[in-house]
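Tertiary structure, described
The residues making up each chain are set out below.
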Amino acid sequence: MVDRELLEAAWSLTDTVHWSMSFSHDRASWGHGLDKLLGIPGAGDDELRARLSELVAPLLEKARVAPDWQVDELDQLCEPPGGAARLVRFRARRLGSALVGIATEVTYGLAGEQELPELPDYYRKLVELTPNAIYIQQEGVAVFANPAAVRMLRAESAGQVVGRPVTDFIAEESVPTMQAQLATLLTSGATTDWVQAAVRCFDGASVLVEAVAVRTTWRGRTAFQIFMRDITARRAAEAALRYQAALVEHVSNAIIATTKCGVVTSWNPAAEAIYGCPAEHAIGRGVADVVGAPLDPAALAAAGGVTEATHRRADGSALTITMSVAQMDSGFVLVCTDETALRRAQRHHATVVDALVEGVVVIGTSGLVESANPAALQILGISEADLVGSPPASWPLFDEAGGLLPPHTHPSTWSQRTGKPQDARLVRTRRGDGRSVWLSLTSRTLNPDDDPPHPIVLSFTDVTESRAIRERLERDATHDPLTGLANRVLILQRLEAELRKRHRTRDIGVLFIDLDHFKVINDSLGHSVGDDVLRVVSGRLSRVTRHHELVGRLGGDEFVIISPDENDIRKLRLLAEHLRRCLTDPIHVEDRQLHVDASVGIVLAAPGDPRSAADVLRDADVAMYEAKKLGRGRCAVFDVRLRKRVQRHLNLEQDLRRAISRHQLWMAYQPIVDLHTCRTTAVEALLRWTHPVYGTISPAEFIPLAEESDLINDIGMFALRTAVRELTEHRRRHNLELRLKANLSARQLEDPHLLTSVQMILSETALPPAYLCLEITESTLMQDPSAAAEVLSGLRQLGVKLAIDDFGTGYSSLAQLHRLPLNTLKIDRSFIARLGDSSGTEALIASVVALAHALDLTVVGEGVETVEQLDIIRRLGCDHAQGFYFGKPVPINELPDI
């Protein structure tokens, strides 16, 4: 105590106040006079601690990752009520799990830290007229920008820049570098190194800059002044120079520079490779000596500058060189192209063409065949004497539809006239022996730069066999192998073609047919019997439809009929009923007589319908499922109402996937009252969804959606974690012994991580397990009682209570109910609602209560809304009650006092 008093006395002799603050903000200390220094004289400890914590928060965050020895400082502006503002400087360093430091008033510094407009005129003019962009940022926000910065960012004015986060105009990839540089500026006046960064302009363009930052103050608070200069043009010029140098170094032509007297002054790598002579041996020698042939650059330039000659490599081998020369002030530049390989290739060309399996025919400008390779003669079944000198128009060519091509449309004739190629044109012609052959024919000009008529080269291959194979494959790809009907691919192609047909004036009808209970046939009699049934069904559908209607099988037991030019929905309904009647006739398979029926969905697509074929098929599928919902063995027509319902269903399913992250799901709580003490002893947590478009969505609508889309486990755990956390906090805040009841769905019981998740939630919130009761509906328990019992036993071992919800709405087995580890039975609200109207209901509830008590279960009556219902269930022996009579589900903070 004496040491602390001595320390306080020592600090009192200075204008500095010492302080300390833990990283968790739960412990703080300070010296005498801190309240006056911070402009809140006489403030209590709580207020002073909160103000100190607020002011030194940036130092705390920085110190978390800084070494213990590092000292940081921060200037903060303190404005007392009714008083003059003062600037306080905080200096601190990390000590263990706390920050210790001193606070000193530096208000005198404010006088010299003026806003830019108030600086001396010469400096303000310098900032405004400099071509370099200057802006000032404070806490990540731009507070000043000079005209050059406005121009660089292509903004309309400085007002468009000031007030925006600097990350709005610093490219994303440059932000980490900028932040790292600024983090090194620990003292006023400190500067960073010059770094390169990308600036994102307001018009979307990007500018490359060099930037340097200086730590300064702005209106009494720490800020950073950034200087930027545009280096885009400089980088482009550097790139151009590098490109030119690289071009000389990497071109395949030899580039040789000489003096006016023909002495070599430059010898690029390509010259080394072509002539086999390194640059150090070539430079300084006469060019004729190096290339191994007489060469006078001046004479060559005077003669036109281009020639072809034979040069010699250093090893003496001959080179065929095409050479051009250009005169410079200091001498000449020669560009030498090695044509040796080209000449060799030309000599080999005739041999290669003769060896090709592809037919090659050359047609001259006269339109007659000049040459043909052996493969062409073999494919066409003709002799060279009969082919050479003949016009191509003498060959009959047919297109894929079988039509004879007029001579002026022959590929060779067309290319000769226009100079344009034709690639892989599929045609049919007759061989010399009279047989037909399919050719994949390509026609190209030999000299496309010349004026027409052009010489032409025709190349072709015999695709007769491959075409036959392709036709078989195409049929296999577009037809169902089991029934021979059109498959999904062909159905969508034909439907899309009908939908997009020009000048269509009539509707297109689509029938989606699904056999009812076909799975029973497959499962009980085997897939071979099922396949026989599908073949019979496909035959019957084909027989009852008209020739212009397409019958197809999508897969499984789903069939589609496309009926173009159909405007009468009544006719489509009659067609659907006719199809059903023909399908219900007995089917005899393997000495069995089987009966099938079908559900049919109908869609009409009017002219101009914007839907794709897949969309129309989907809508027909939706209508078919509507028919199944209506009881199967019937048809349903897709309409706007059904579309809206399906669209809402799809929208809700997609939005539900993001409902947690968008904070749209929340918990409501309904009191549960002990009928013996008339006190609220528990609350039931009920999940709610507030949709931004549709408003409040009923759990009866979105919980099935979650179960269908496999979202129920994530949403269920979110609901349980949220409810346990909120109730635990509510219990602590109000010192209550309140219990929580939460619901589990059938899908959650199948989750292998359920026990671990519940245990983790209880551990995180420190809620005693006995204060959590999980409710499972009666129908859920009875789906698989053995599996449910195993999961429930695991939950009971955690100490969690269990309840059976909505009792009386399912088909419970009393024996199974006896085996399940339950604590509570909740009587469904439908029974409570009938109380007072039927004595039989009271007798039924009394029996349930007696059964539950015999099994040592607590009984809760749900849906109590009137005092009469309350009196009856109390008389019948219910232990607890829940319903609107006691309160509607509300957020946790709106629960009534117990």
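Attention here is on the structure that accompanies the text. Everything numeric here is computed off the predicted structure, so don't read it as measured data.

1. As for the overall build of the chain
When its secondary structure is counted, the chain shows 33 helices and 37 strands. Expected size for 898 residues packed as a compact globule is a radius of gyration near 29 Å; at 45 Å, the chain overshoots this value by more than 25%. Along the longest, intermediate and shortest principal axes, the C-alpha atoms of the chain span 120 × 110 × 50 Å. Relative to its 898 residues, the chain shows a buried fraction of 44%. Restricting the contact set of the chain to residue pairs at least 6 apart, pairs at least 24 apart contribute 55%. Accessible surface, the chain as shown: approximately 46,500 Å² in total, 53% of it carbon and sulfur. Within the chain, the 117 negative side-chain charges are centred at a point lying 3 Å from the centre of the 96 positive side-chain charges.

2. Description of the packing of helix 20 (residues 527-544) against helix 21 (residues 569-584)
Running from N to C, helix 20 and helix 21 cross one another at 140°; their axes reach a closest spacing of 10 Å. Classified by the angle their axes make, helix 20 and helix 21 are oblique. In the packing of helix 20 onto helix 21, the handedness of the crossing is right-handed. Across the interface between the two elements, V537, R540, L541 and V544 of helix 20 pack against L575, H578, L579, C582 and L583 of helix 21. Along the lines of polarity and charge, the residues of the contact of helix 20 with helix 21 split into seven nonpolar, one polar and one charged.

3. Considering helix 3 (residues 45-55)
Looking only at helix 3, the buried set comprises L48, L52, S53 and L55. The buried residues of helix 3 occupy an angular sector of 165° when projected down its axis, which confines them to one face. Of the exposed residues in helix 3, the ones pointing more than 90 degrees away from its buried face are D46 and E54. Tucked into the core, helix 3 has its buried residues touching strand 1 (16-22), strand 2 (28-30), helix 2 (34-37), helix 4 (57-63), strand 3 (71-78) and strand 4 (86-95).

4. With respect to the nonpolar core
Nonpolar side chains in soluble globular proteins tend to end up buried together. Counting residues in hydrophobic clusters, the biggest one holds 71 residues, and the most contacted among them are L772, L774 and I827. Per-element tally for this core: the top contributor is helix 25 (residues 712-734), with eight residues. Beyond its immediate stretch of four places on either side in the chain, L774 contacts L720, A742, L744, V758, L795, V800, K801, L802 and A803. Counting 29 residues, the second largest nonpolar core, distinct from the first, contains L485, V537, F559 and C635.

5. A look at the packing of aromatic side chains
Applying the stated criterion across every chain, the model contains five aromatic pairs. Seen from their ring centres, W19 and F90 are 6.1 Å apart, and the 75° between their planes marks the pair as edge-to-face. Within this pair, whereas W19 is found in strand 1, its partner F90 is found in strand 4, the two being separated by 71 residues in sequence. Accessibility expressed as a relative area gives 0% for F90, which makes it buried. Here Y135 and F169 contribute two aromatic rings whose centre-to-centre distance is 5.7 Å and whose plane-to-plane angle is 90°, an arrangement assigned as edge-to-face. Taken together, the residues span a long stretch of sequence, with Y135 in strand 6 (residues 133-138) and F169 in the loop between helix 6 (147-152) and helix 7 (175-183) at a distance of 34 residues. Accessibility classification places Y135 together with F169 in one group, the buried group. Over the aromatic face of F398 sits the side chain of R428, whose NZ or CZ is 4.5 Å from the ring centroid.

6. Topic: the sheet that holds strand 27 (residues 598-605)
Overall, mixed pairing links the five strands, which are arranged 23-24-22-27-28 in an open sheet. Single-partner strands in this sheet number two, and they are strand 23 (550-555) and strand 28 (635-637). Across this sheet, the average inter-strand angle for adjacent strands is 20°, counted without regard to direction. Across the sheet, helix 18 (residues 488-499) is in contact with strand 22 (508-515), strand 23, strand 24 (558-563) and strand 27; its angle to strand 23 comes to roughly 135°.

7. Some remarks on the side chain of H311
With respect to the helices, strands and loops of the structure, H311 is situated in strand 13 (residues 306-312). Only 2.8 Å separates the side chain of H311 from the side chain of Y275, close enough to count as a polar contact. Those residues within four positions of H311 in sequence are excluded, and the remaining contacts are Y275, V291, A293, S317, A318, L319, I321 and M323.

8. Brief notes about the pattern of salt bridges
If charged atoms from side chains of opposite charge come close, those side chains can pair. Under the definition given, this model contains 39 salt bridges. Put simply, R721 and E764 hold a salt bridge, and the shortest N to O gap is 3.5 Å. With R721 in helix 25 and E764 in helix 27 (residues 754-765), this residue pair connects regions lying 43 residues apart in the sequence. On the accessibility criterion, R721 (28% relative accessible area) is partly exposed. Because the salt bridges share partners, they merge into one network encompassing D609, R611, D615, R618 and D619.

9. Some words on unusual backbone geometry
You will see that R632, though not glycine, has its phi angle at about 65°, which is positive. For R632, the location among the structural elements is in the loop between helix 22 (613-629) and strand 28. Phi angles above zero are rare outside glycine, and N735 is one such case at about 55°. With respect to the helices, strands and loops of the structure, N735 is situated in the loop between helix 25 and strand 32 (739-744).

10. What about the pairing of strand 34 (residues 801-807)?
Among the seven residues that make up strand 34, five are buried, leaving the element largely enclosed by the rest of the structure. Of the pairings in the sheet, the one linking strand 33 (residues 772-777) to strand 34 comprises five bridges and is parallel in character. Across the sheet, residue I776 finds its bridge partner in strand 34, namely I804. As paired elements, strand 34 and strand 35 (residues 824-827) share three bridges and run parallel to each other. Bridge pairing in strand 35 links I804 to L825.

11. Observations regarding the side chain of S53
Looking at the secondary structure, you find S53 in helix 3. Setting aside residues up to four positions removed in sequence, S53 forms contacts with M21 and H25.

12. Quick look at the sheet that holds strand 19 (residues 422-430)
Across the sheet, six strands lie side by side as 17-16-21-20-19-18; this open sheet has antiparallel pairing. Of all the strands in the sheet, just strand 17 (369-372) and strand 18 (397-398) have a single pairing partner and so form its edges. Pairing geometry for strand 16 (residues 359-363) and strand 21 (residues 456-462), over five bridges, is antiparallel. Bridge assignment links V362 to a residue of strand 21, and that residue is V457. Helix-sheet contacts for helix 17 (residues 464-478) involve strand 19, strand 20 (436-445) and strand 21, and the interaxial angle to strand 20 is about 110°.

13. Here's the deal with the environment of A270
With respect to the helices and strands, A270 occurs in helix 9 (residues 269-275). Those residues in contact with A270 that sit more than four places away from it in its chain are V251, S252, N253 and A254.

14. A word on the environment of P455
Turning to its location among the elements, P455 is positioned in the loop between strand 20 and strand 21. P455 has contacts with I363, G364, T365, R444, T445, L446 and N447, leaving out every residue within four places of it along the chain.

15. A few points about helix 7
Every buried residue belonging to helix 7 is among V175, M178 and L182, and all of these are buried. Seen end-on, helix 7 carries its buried residues on one side only, within an arc spanning 65°. Buried residues along helix 7 sit in contact with strand 6, strand 9 (206-218) and strand 10 (221-230).

16. Quick look at the state of the cysteines
Applying the stated rule across the entire model yields zero disulfides. Lacking any disulfide linkage, C678 is separated from the closest cysteine sulfur, that of C878, by 14 Å. You can call C678 exposed: its relative accessible area is 54%.

Rules used in this analysis
Residues numbered from 1 in each chain as written. Predicted model: local features only at pLDDT ≥ 70, side-chain atom pairs only at ≥ 80, totals over all residues. Heavy atoms only, no water. Helix = DSSP H or I, 4+ residues; strand = E, 2+ residues; numbered from the N terminus. Rg over C-alpha atoms; globule rule 2.2 N^0.38 Å. Buried < 20%, exposed > 50% of the residue type's maximum accessible area, 1.4 Å probe, protein only. Contact = heavy atoms within 4.5 Å. Areas by Shrake-Rupley, 256 points an atom, 1.4 Å probe, with all protein chains shown as cover. Lys, Arg positive; Asp, Glu negative; His and termini not counted. Charge placed at Lys NZ, Arg CZ, Asp CG, Glu CD. Axes fitted to C-alpha atoms, helices over the stretch in contact; angles between N-to-C directions. Parallel < 35°, antiparallel > 145°, perpendicular 65-115°, else oblique. Left-handed = near helix turned anticlockwise from the far one by under 90°. Nonpolar A, V, L, I, M, F, W, Y, C, P; charged D, E, K, R; others polar. Arc of directions from axis to C-beta. Core = buried A, V, L, I, M, F, W, Y, C linked by side-chain atoms within 4.5 Å. Phe/Tyr/Trp six-rings, centres within 6.5 Å; stacked < 30°, edge-to-face > 60°. Lys NZ or Arg CZ within 6 Å of the ring centre and 35° of its normal. Pairing = 2+ DSSP bridges. Polar contact = N/O pair within 3.5 Å; in protein donor to acceptor, adjacent residues only side chain to side chain. Salt bridge = Lys/Arg side-chain N within 4 Å of Asp/Glu carboxyl O. Disulfide = S-S within 2.5 Å.

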